[in-house]
Number of protein chains: 2
Amino acid sequence: MTTIDLPLVDRPETGAVAGCCAPAAGDVVDPAAARDLARQFKALADPTRVQLLSIVTAHEGHEACVCDLTEPVGLSQPTVSHHLKILVEAGLLEREQRGRWAYYRAAPGAVAGLVDSVSTLMPSPATASA
Amino acid sequence: MTTIDLPLVDRPETGAVAGCCAPAAGDVVDPAAARDLARQFKALADPTRVQLLSIVTAHEGHEACVCDLTEPVGLSQPTVSHHLKILVEAGLLEREQRGRWAYYRAAPGAVAGLVDSVSTLMPSPATASA
DNA sequence: CCGTCGTATCGACGGCCATCGATGCGACGA
DNA sequence: TCGTCGCATCGATGGCCGTCGATACGACGG
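Remember, it's a predicted structure, so these values are computed and weren't measured experimentally. (Residues numbered from 1 in each chain as written. Chains lettered and ligands numbered in written order. Predicted model: local features only at pLDDT ≥ 70, side-chain atom pairs only at ≥ 80, totals over all residues.)

A. Region of the structure containing the overall build of chain A. Scanning chain A from N- to C-terminus turns up five helices and five strands. Overall, chain A shows an N-to-C arrangement of helices and strands of β-β-α-α-β-α-α-β-β-α. Split into buried and exposed, the 130 residues of chain A put 36% on the buried side. For chain A, long-range pairs separated by at least 24 residues make up 50% of all intrachain contacts whose partners lie at least 6 apart in sequence. (Helix = DSSP H or I, 4+ residues; strand = E, 2+ residues; numbered from the N terminus. Buried ≥ 20, exposed ≤ 12 C-beta atoms within 10 Å, placed from the backbone. Contact = placed C-beta atoms within 7 Å.)

Right, dumping it as structure tokens:
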């Protein structure tokens, strides 16, 4: 579960305030969808996790074990494991246990899902035609 | 200043641990760049802010004033202003004061910048060819 | 000139999060 | 079988963040 398809709901036409400008216009994201999307972004809202993603994807074979990640980020091993767990739960990384080591790899389609979500959120003429 | 160009630094070849797998491979994001990128994502890491972005972009003329945003998200006016300020500081929204009202609009290029950052962070064969 | 309206800022409070050391658990080597 | 190694989990702690009411400030109308 990596991509969020962002259901758009019709604004219920409040018809109240509207003393300054147009009351509403089109479709906005569902509150539940906003919550899910924010959760994905929250996984990226930490410098350590951004670094971890970068290191993993830049690593040989696009995978790395925890022992390779502890030193570059300069944090303790429990903290790194904690961040990796968050990235896995967000669908950005995948975990595979091979023998004694746990290998982390970029989840396929994670980037595409994120990009799609952003484009749906803020449709820009240069990014999305919708 | 919306886009972050993510300078890639050569890993300094630790040469130490490396008992389990390859020590390193290529280029990772600079810690400072990771911090800046995380700050951008942090602006999107809140359901309210995601909703605000969606409402503003879906609004008539792609702009909205605070009074139009308070009711849909169901929060107090100071809280909404607080979130809007964060979105502006992140380069995702632009603020323009016209008369008594403050109009917010999606910053041009914000989406493209974010998409580019994500693609640079996690180069995927389906998203980026670099 | 004064009242009202729309927003931003301030100060406070509650909750979540990043970080750590200590510990538990499974896997491998001797 | 026992020690060691790699990693996840636990419990605690300090700090940041979202939220609010109260308040200040600029703009417009009368």
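Having seen the model, we can carry on.
B. Region of interest: the relation of the copies chain A and chain B. The transform that puts chain A on chain B rotates by 180° and translates by 0.0 Å along the axis, for an RMSD of 0.1 Å. Those values place the two copies in the arrangement expected of a two-fold rotation axis. The residues that chain A uses at the interface reappear at the interface of chain B in 100% of cases, marking a shared surface. (Least-squares fit on C-alpha atoms with pLDDT ≥ 70 in both.)

C. Fine view of the confidence of the model for chain A. All names here are of chain A. Mean pLDDT over chain A works out to 84, with 76% of the residues at or above the 70 mark. Per-element mean pLDDT across chain A ranges from 59 in strand β1 (residues 8-10) up to 98 in helix α4 (residues 77-89). Low pLDDT, under 50, characterises residues 11-18; the predicted model gives this stretch 10 contacts beyond four residues in sequence or across chains. The complex prediction reports pTM at 0.85, with the ipTM value standing at 0.85. (pLDDT = per-residue confidence, 0-100.)

D. Molecular detail of the nonpolar core. In terms of nonpolar packing, the biggest core is built from 67 residues, with L53(A), V56(A), L87(A), V118(A), L53(B), V56(B) and V118(B) touching the most fellow members. Setting aside its immediate chain neighbours within four residues, L53(A) contacts L87(A), L92(A), L121(B) and M122(B). (Core = buried A, V, L, I, M, F, W, Y, C linked by C-beta atoms within 7 Å.)

E. Spotlight on the sheet that holds strand β3 (residues 63-65) of chain A. Residue and element names in this part refer to chain A. Taken in spatial order, the three strands line up as β3-β5-β4 in an open sheet, and their pairing is antiparallel. Looking along the sheet, the strands with just one partner apiece sit at the ends: β3 and β4 (93-98). Strand-to-strand twist of the sheet, defined as the mean angle between neighbouring strand axes without regard to direction, takes the value 30°. Here β4 runs beside strand β5 (residues 101-106); their pairing, made up of six bridges, is antiparallel. (Pairing = 2+ DSSP bridges. Axes fitted to C-alpha atoms, helices over the stretch in contact; angles between N-to-C directions.)

F. Expanded view of the packing of helix α2 (residues 47-58) of chain A against α4(A). Residue and element names in this part refer to chain A. The contact between α2 and α4 brings their axes to 10 Å, and the two run at 75°. Considering the angle they form, α2 stands roughly perpendicular to α4. Facing T48, R49, L52 and L53 of α2, the residues of α4 in contact are H83, L84, I86 and L87. Classifying every residue of the contact of α2 with α4 gives five nonpolar, two polar and one charged. (Parallel < 35°, antiparallel > 145°, perpendicular 65-115°, else oblique. Nonpolar A, V, L, I, M, F, W, Y, C, P; charged D, E, K, R; others polar.)

G. Seen up close, the interface of chain A and chain B. Each side of the interface is counted separately: chain A has 51 residues, and chain B has 51 residues. Taken together, the residues of the side of chain A that touches chain B sort by class into 35 nonpolar, nine polar and seven charged.

H. Representation of the protein's contact with DNA strand C in the model. Taken together, 25 residues surround DNA strand C, and among them S76(A), G99(A), C65(B), P78(B) and S81(B) come closest. If you tally residues by element for the surface near DNA strand C, the top one is helix α4 (residues 77-89) of chain B, at six residues. Class assignment for the residues of the surface near DNA strand C results in 10 nonpolar, 10 polar and five charged. (Near = placed C-beta within 6 Å.)

I. Layout of unusual backbone geometry. With a phi angle near 60°, H62(A) is a residue other than glycine that sits in the positive phi range. With respect to the helices and strands, the residue H62(A) is situated in the loop between α2 and β3.

J. Highlighting the protein's contact with DNA strand D. Taken together, 25 residues surround DNA strand D, and among them C65(A), C67(A), P78(A), S81(A) and G99(B) come closest. Elements with a minimum of two residues in the surface near DNA strand D: α3 (66-73), α4 and β5 of chain A together with α4 of chain B. The leading source of residues in the surface near DNA strand D is α4(A), at six residues. Tallied by class, residues from the surface near DNA strand D come to 10 nonpolar, 10 polar and five charged.

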